[in-house]
Amino acid sequence: MSRGDMCITRTMKSYQKLTTAVPQPAACWVEEEGSAPTPAGRGKLAPWWVGSGLLVAAVLLSTVTVWVLRQVSGGWPGPTPPPKCLLIPESHRFDCYPERHVVVTQELCESRGCCFIESPLPAGGKQGVPWCFYPPDFPSYTLESLNQTALGMVGLLVRREKAYYPRDIEMLRLDVEFETDTRLHIKITDAANPRYEVPLEVPPVMKRAENPIYSLDFSRNPFGVLLRRKATGTVLLNTSVAPLIFADQFLQISTLLPSKFLYGLGEHRGTLLHSLDWSTLTLWARDVSPTESFNLYGAHPFCLVMEEGGDAHGVFLLNSNAMEVVLQPAPGLTWRTIGGVLDFYIFLGPDPNMVIQQYQQVIGFPAMPPLWALGFHLCRWGYGSSNETWQTVRAMRNYQIPQDAQWNDIDYMDGYRDFTFDPQKFASLPSLVEDLHKHRQRYVMILDPGISSTNPRGSYWPFDEGLRRGLFLNTTQGQPLIGQVWPGFTAFADFSNPDTHQWWLENLQHFHAHVPFDGLWIDMNEPSNFMDGSEDGCPPGELDSPPYTPAVLGDSLSAKTVCASAKQKASVHYNLHNLYGLMEAKATASALIQIRGKRPLVISRSTFPSQGRYSGHWLGDNRSQWKDMYYSIPGLLSFSLFSIPLVGADICGFSGSTSEELCTRWMQLGAFYPFARNHNTQNEKAQDPTVFSPAARTAMKDVLLIRYSLLPFLYTLFHRAHLQGDTVARPLFFEFPRDVATLGLDRQFLWGRSLLVTPVLEPGVDSVTGYFPRGVWYDFYTGSSVNSSGEMLKMSAPLEHLNLHVREGAILPTQKPGTTSEATRGNPLRLIVALSQSATAWGDLFWDDGESLDTFERGSYSYLVFNVTQNIFTSTVLHASAEATEVTIGTLSIFGVRKPPSKVLLNGQEKPFSYLDNEVLTVSDLGLSLSQGFSLQWL
């Protein structure tokens, strides 16, 4: 970056000044002659949704009553707010008093040096316009010095007036690194003392970017960052809109956003596109059934923003402490965390796919799953015995319904203890697993991180040995912290300790000798605790009761988890809580590799950035309801953004009772989850495909066969995810970023670039409406085409039908399906070619043995590229391995051939063909080895 790309504004004294660089919404405020400016428009909301029922209702009622009475009696008594406060439009008011369960008075607010203007409270207890907000001249940091470094700049920030949280840090170090032309790294930390930082390996940078597509400016006093995209001049960050606060346990920075199109920031249940109407998203791993507005199982401080015109950028805050992100209609965003440092990566895209790839260049690309992981998985809590589990497997085989893996929930265990199985009810478990393997199927079981602590000494090795080696979370007194999970009182494994990984491996080796499992399902790893904190509660102190607690469910950091003050090898739990699932996943994947010598399958409930390298994720304990089925789509797509492509929801719903119609529709949608598992809770009627009417069972079987036919395509998408960070399940706006109609779509999705899935998400209908971006789309089943101008189209959708469409210009490798992925692997391929309007198409295929480690890295794979131009299809083998010689290409189906061909030539020799009047050309019985290139021409 040249010196001209960076300027420092020395004269700025007020926050409002720099906001003039950003287009303000029209009519933010109206100025009448001779009077103080008054905000135009009605106030929207106020930021205290309050828990605990009656108290809140009382507070709300009294506040509203007072407000109404005062309105009637002629407005507010007391002085008018100062002009500097009235100048700030409501949408730009950044909250100075975010504490909940406090009625913020003028006195409390002004004690912080902030502006106080009351607004009407919104309905429904929502948040709204903050009554207490920062004035333009609130003291912040000053940029005292800024010097060039080899990679960027280093600066010193000084705060001369204390803010209102304890242990304000007066001198901060600013590090700016121009890491690549599309990636900027900005880190703010204590200039004098080391602070906790997330132990995530990030790529080292050796040289400064030469031609960055961004430019960076600073304001000196108050300190602010202004980041622009050079090509458009769009301001991506403007942090001068509110003060930077950096105290020991309260760090806050705000920015304006270039648009209202913001995604990411997980894990939450909601629409894919976030509302900026005064919403707060909390990041603190928590075991709770997915519910709107709650902090859920994982923490992903990454957001993607679509700019006007279709460019995209992403922001990642590398911080694992309890955090909330506040969105407001300015549009603006505030990052608020209670520990660590402010360590930002900004990814400039400029297209959304590239943003996610650039994010993964920092956190790591996802692992390549084994092929069997992409088959259909079946589970329930409450089979009650291994024989009952076995009966279900046999019923699936009997109806020839595809199934790759059978799972068990905690009922297989003896007294819910890890690394055991019930000697009575699950006595035949080893035989069941042997039978699964004989049928080329796999076995996966659940594991929890809570280790039973109440067994007689010497009777339960996992606890005895963990205690002897000192591998559990400890209290501040240095004793194992005891909580309560399924087996009763438990200690919690400390996965931040490398010695714990070895102990975990040894436990799994012992169990694998009896029950040779293939994959592992790690649950309860937020970590979940049926008590708050521990059997003794939590000690007093600023870790368990910090000066500021983000908007976490339960209003306490220890709600349904362990004490934040718990000691772990790497740090205190206060810092490591959000990393617990990631660290367990790392230990579990490593153990599976050492035990089986093959690619691991780990599915984890709690997640953190980089976890795609070790595990997939399921969306937790959903309910058998139509809205839960819908919410699974934004859930799926958000985890694509978070670089965990192996993701799905419990098909047909976990808790509650499903219906035949709901389960049929959900099996159709679930067949297109990258991770497809039907799972059910105890004491509910069974919901596996075999228990329904013949019509429903057949519909479920048919859609699973379609999934299995698409395994070569899906597997290739996962290869591209592993190699370069492409998404697998993909929002439509990723492919059509300039089509504004796609920006809010989350009832449909794509596989890769080219397969559009439009599920039915409501009861009692036989049609579905979906959006088709501009271009030609082909019906997956028939090859008939629809030419869309970018419009909503209504399609027939009887109960047995899922609408699937192939995008013009794509070539999908498919295969005759079998009842397992291994059986499917040996069958002939069918290539589906969807010609573009200019009669071209492209596709690819990655093929290996489906389970060996590092096949790409070792070169033991085949990779083929398919191409069509000028009526000639060519298959080019770019890399070949032995496995490919066993597979043949049987059929070519070409959609969109406008004129009936007179003849078809395969490598110059004439071949019989069929041509239908919906413009589909089919050439069968090709019998070509996958390892041989070929060409096929139609004349």
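Reference entry: report on the structure contained in this document. (Residues numbered from 1 in each chain as written. Predicted model: local features only at pLDDT ≥ 70, side-chain atom pairs only at ≥ 80, totals over all residues. Heavy atoms only, no water.)

### Some details on the nonpolar core
Definition in use: We define a nonpolar core as any set of buried Ala, Val, Leu, Ile, Met, Phe, Trp, Tyr and Cys residues linked to one another through side-chain atoms lying within 4.5 Å. Partly exposed describes any residue whose relative accessible area lies between the buried limit of under 20% and the exposed limit of over 50%, with all areas from a 1.4 Å probe on protein chains only and scaled to the type maximum. Whether two residues touch is decided by their heavy atoms; if any such pair falls within 4.5 Å, the residues are in contact.
The biggest cluster of nonpolar side chains holds 236 residues, and the ones touching the most others in it are Trp335, Phe672, Phe873 and Leu936. What phenylalanine 873 contacts, discounting residues up to four positions off in sequence, is Ile811, Leu831, Val833, Phe866, Asn867, Val868, Leu892, Phe934, Ser935, Leu936 and Trp938. With 29 residues, the next largest nonpolar core counts Val104, Phe138, Ala247 and Ala564 among its residues.

### What to know about the sheet that holds strand E9 (residues 183-190)
Condition: At least two DSSP bridges between two strands are needed for those strands to be called paired. Only DSSP runs of H or I reaching four residues or more are called helices, and only runs of E reaching two or more are called strands; each is numbered from the N terminus. Axis geometry follows a simple rule: fit a line to the C-alpha atoms, using only the stretch in contact for helices, then measure angles between N-to-C directions, giving values from 0 to 180 degrees.
Taken together, the 8 strands give an open sheet; going across it, the order is E6-E7-E8-E9-E21-E18-E17-E15, and neighbouring strands pair in antiparallel fashion. The open sheet is flanked by strand E6 (141-148) and strand E15 (261-266), the only strands paired with a single partner. Strand after strand, the sheet turns through a mean of 15° between neighbouring axes, direction not considered. Looking at chain direction, strand E18 (residues 312-317) and strand E21 (residues 342-347) are connected through 4 bridges and run antiparallel.

### A few points about the sheet that holds strand E25 (residues 450-452)
The strand order E25-E27-E26 describes an open sheet built from 3 strands, whose pairing is antiparallel. Single-partner strands in this sheet number two, and they are E25 and strand E26 (483-485). Taking the axes of each pair of neighbouring strands and ignoring which way they run, one obtains an average angle of 60° across the sheet. Strand direction decides the pairing type here: E26 and strand E27 (residues 488-492), joined by 3 bridges, are antiparallel. Each bridged residue has a counterpart across the sheet, and for glutamine 484 the counterpart in E27 is phenylalanine 489.

### Some words on the layout of surface pockets
Here the idea is plain: a probe the size of a water molecule rolls over the atoms and shows the empty space left. The test is simple: Buriedness for pockets is judged along seven lines, at least five of which must meet protein on both sides within 12 Å for an open set on the 1 Å grid over protein atoms alone, while cavities are sets there where a 1.4 Å probe fits but cannot get out, and lining residues have an atom within 4 Å of a point. Grid points are joined across faces, edges and corners, and a volume is the space filled by probe spheres set on the points. Just so you know the grouping, Ala, Val, Leu, Ile, Met, Phe, Trp, Tyr, Cys and Pro go in nonpolar, Asp, Glu, Lys and Arg go in charged, and all remaining residues, Gly too, go in polar.
Taken as a whole, the largest pocket encloses approximately 990 Å³ of empty space. Looking at the largest pocket, it is lined by 43 residues, and the ones nearest its centre are Arg269, Gly270, Leu281, Glu292 and Ser293. The set of elements that each furnish at least two residues to the lining of the largest pocket consists of E15, strand E16 (279-283) and helix H12 (626-641). For the lining of the largest pocket, the element with the most residues is H12, which contributes 7 residues. Looking at the lining of the largest pocket residue by residue, the class counts come to 19 nonpolar, 18 polar and 6 charged.

### A few points about unusual backbone geometry
Proline 222 follows asparagine 221 through a cis peptide bond whose omega is 5°. Secondary-structure assignment places proline 222 in the loop between strand E10 (214-219) and strand E11 (224-229). Cis geometry is adopted by the peptide bond preceding glutamate 267, which originates at glycine 266 and carries an omega value of 10°. Backbone geometry at serine 293 places phi at a positive 75°, although glycine is not the residue there. What makes serine 293 exposed here is its relative accessible area of 56%. Of note in this structure, lysine 560 is not a glycine but carries a positive phi near 55°.

### Topic: the packing of aromatic side chains
Heads up, the condition is: Pairing of aromatic rings covers Phe, Tyr and Trp, the last through its six-membered ring, and needs centres within 6.5 Å; plane angles under 30 degrees mean stacked, over 60 mean edge-to-face, and all others mean tilted.
Under the criterion given, the structure shown has 45 aromatic pairs. Between tyrosine 412 and phenylalanine 511, the ring centres sit 6.2 Å apart and the planes meet at 50°, which makes this aromatic pair tilted. Taken together, the residues tyrosine 412 in the loop between strand E23 (405-408) and helix H7 (429-438) and phenylalanine 511 in helix H9 (residues 498-514) connect sequence positions 99 residues apart. Taking the relative accessible area as the measure of exposure, tyrosine 412 reaches 0% and is therefore buried. Judged by its relative accessible area of 3%, phenylalanine 511 falls in the buried class.

### Considering a nonpolar patch on the surface
Under the convention used in this document: What goes into a patch is any residue over 30% in relative accessible area without a salt bridge, connected to like charges within 9 Å or, for nonpolar side chains (Val, Leu, Ile, Met, Phe, Trp, Tyr), within 5 Å. Throughout, the Shrake-Rupley method with a 1.4 Å probe supplies accessible areas, and for residues the shown protein chains are the sole cover considered. Should a side-chain nitrogen of Lys or Arg be within 4 Å of a carboxyl oxygen of Asp or Glu, the pair is scored as a salt bridge.
Nonpolar side chains collect at one region of the surface, where Tyr416, Trp486 and Phe530 lie side by side and expose about 250 Å² of accessible area between them. Exposure remark for phenylalanine 530: the relative accessible area of 35% places this residue in the partly exposed category.

### A closer look at the state of the cysteines
What counts here: Cysteine sulfur atoms that pair up within 2.5 Å are treated as a disulfide.
Using the criterion set out here, one finds 5 disulfides in the structure. Disulfide pairing is shown between cysteine 109 and cysteine 132; the S-S distance is 2.2 Å. Between cysteine 109 and cysteine 132, the S-S dihedral sits near 90°, and the bridge is therefore right-handed. A residue pair is termed long-range when its members are at least 10 positions apart, and cysteine 109 in helix H4 (residues 106-111) and cysteine 132 in strand E5 (residues 132-133) qualify at 23 residues. Cysteine 109 sits in the buried class, given a relative accessible area of 0%. On the basis of relative accessibility, which here comes to 0%, the residue cysteine 132 falls in the buried class. Here cysteine 538 pairs with cysteine 563 through a disulfide, and the sulfurs are 2.1 Å apart. Taking the sign of the S-S torsion, about -95° here, the bridge from cysteine 538 to cysteine 563 comes out left-handed.

### Things to note about empty space enclosed by the protein
Tallying each qualifying case throughout the model produces 7 cavities of 30 Å³ or more. Its boundaries defined by the atoms lining it, the largest cavity holds a volume of some 170 Å³. Elements with a contribution of two residues or more to the lining of the largest cavity: E9, strand E12 (235-238), strand E14 (250-256), strand E17 (300-306), E18, strand E20 (332-337) and E21. Class assignment of the residues belonging to the lining of the largest cavity gives a composition of 14 nonpolar, 4 polar and no charged.

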